[in-house]
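Take a look at the letters that make up each chain.
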Amino acid sequence: MKLLEGKTGLITGAARGIGRAIAIAYAKEGANVAFTDMADDDNFKSLEKELLAFGVKAKGYISDASNFESSQKMVDDINAEFGKIDILVNNAGITRDTLLMRMTEEQWDLVIRVNLKSVFNLTKAVQKYMLKQKNGSIINMSSVVGVSGNAGQSNYSASKAGIIGFTKSIARELGSRNIRCNAIAPGFIITEMTHKLPDDIRDEWVKRIPLQRGGTPDDVANACIFLGSELSSYVSGQVLNVCGAMNT
Ligand code: NAD
């Protein structure tokens, strides 16, 4: 028996990186997968095909997770198309790194809107269906820097810390309806997001990791299988660090 057989997962920002690895891992474990991203590019198009090859139902939705109205409509469409949504993975996120001295209001607002408001938008949209089902697992992608802070990432760290507060609140608010809500705090994961960093900064990060390597998107996807499946049926309101012991 596959771990997610019969479940439907919705993953935001899944065209590449960690979100893509989660979508593939979910399909491998038997879940039907609805995924979102911003643009109908090659990554986006190829993912749907890749997921269908696992014999599950899969569909991509072009949608900006930071837009409240379109997120509500999209979730209604997904629920109609798939019949239910059991797992929501709020994965979409961006960085606009710079020191506070140079940070513009636009850089602050954009990161908070895309990383934090999106989590509110999607969670609010799925909750009405999860409440009726009396079942659901919500997984929010935070970051180790949401726990520890990081120079040059005050906007990003604030958004990821906000996600943790939101996660713990929703776990308390919806727990009586059998809806679980957890956050994952990845450490240094090798994706296009971290590729943007200069080599010396990347090397410096890796030196600080006790497991002596950057994480892979699959390392994070495996944690999402656990939190989306019944294996974690008594785990809620938690922050699971997937960081090679960087944050202890
Ligand atoms: P990535 O940049 O490789 O992929 C992010 C995806 O989200 C892209 O496909 C992008 O188009 C999409 N996206 C961006 N804005 C969106 C929006 N408004 N609506 C819908 N989709 C949108 O990043 P990644 O490294 O795969 O990161 C995924 C998540 O994990 C992010 O929330 C990130 O903050 C978090 N994270 C990453 C790392 C890391 O080291 N890579 C560490 C900690 C946390």
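All figures in this text were calculated on a predicted structure; none of them were measured in a lab.

A. A look at the nonpolar core. Counting 33 residues, the largest nonpolar core has I22, Y26, L51, V89 and I184 as its most contacted members. Of all the secondary structure elements, the ones that give two or more residues to this core are helix 1 (17–28), strand 2 (32–37), helix 2 (42–52), strand 4 (87–90), strand 5 (136–141) and helix 9 (217–228). Looking at this core element by element, the count peaks at eight residues for helix 1. Aside from chain neighbours lying at most four places away, what touches I184 is I139, N140, M141, S142, S143, V220, A223, C224, L227, L240 and V242. Counting residues in each nonpolar core, the second largest holds 22 residues, with A65, M74, V126 and I138 among its members.

B. Quick look at the site of the ligand. Neighbouring the ligand are 27 residues, the closest being R16, D37, N91, Y156 and T191. I189 has a polar backbone atom sitting 2.8 Å from an oxygen atom of the ligand. Breaking the shell around the ligand down by element, the ones donating at least two residues are helix 1, helix 6 (154–174) and helix 7 (192–195). For the shell around the ligand, a count of residues per class yields 12 nonpolar, 10 polar and five charged.

Each value, and the rule that gives it
Residues numbered from 1 in each chain as written. Predicted model: local features only at pLDDT ≥ 70, side-chain atom pairs only at ≥ 80, totals over all residues. Heavy atoms only, no water. Core = buried A, V, L, I, M, F, W, Y, C linked by side-chain atoms within 4.5 Å. Buried < 20%, exposed > 50% of the residue type's maximum accessible area, 1.4 Å probe, protein only. Helix = DSSP H or I, 4+ residues; strand = E, 2+ residues; numbered from the N terminus. Contact = heavy atoms within 4.5 Å. Near = heavy atom within 4 Å. Polar contact = N/O pair within 3.5 Å; in protein donor to acceptor, adjacent residues only side chain to side chain. Nonpolar A, V, L, I, M, F, W, Y, C, P; charged D, E, K, R; others polar.

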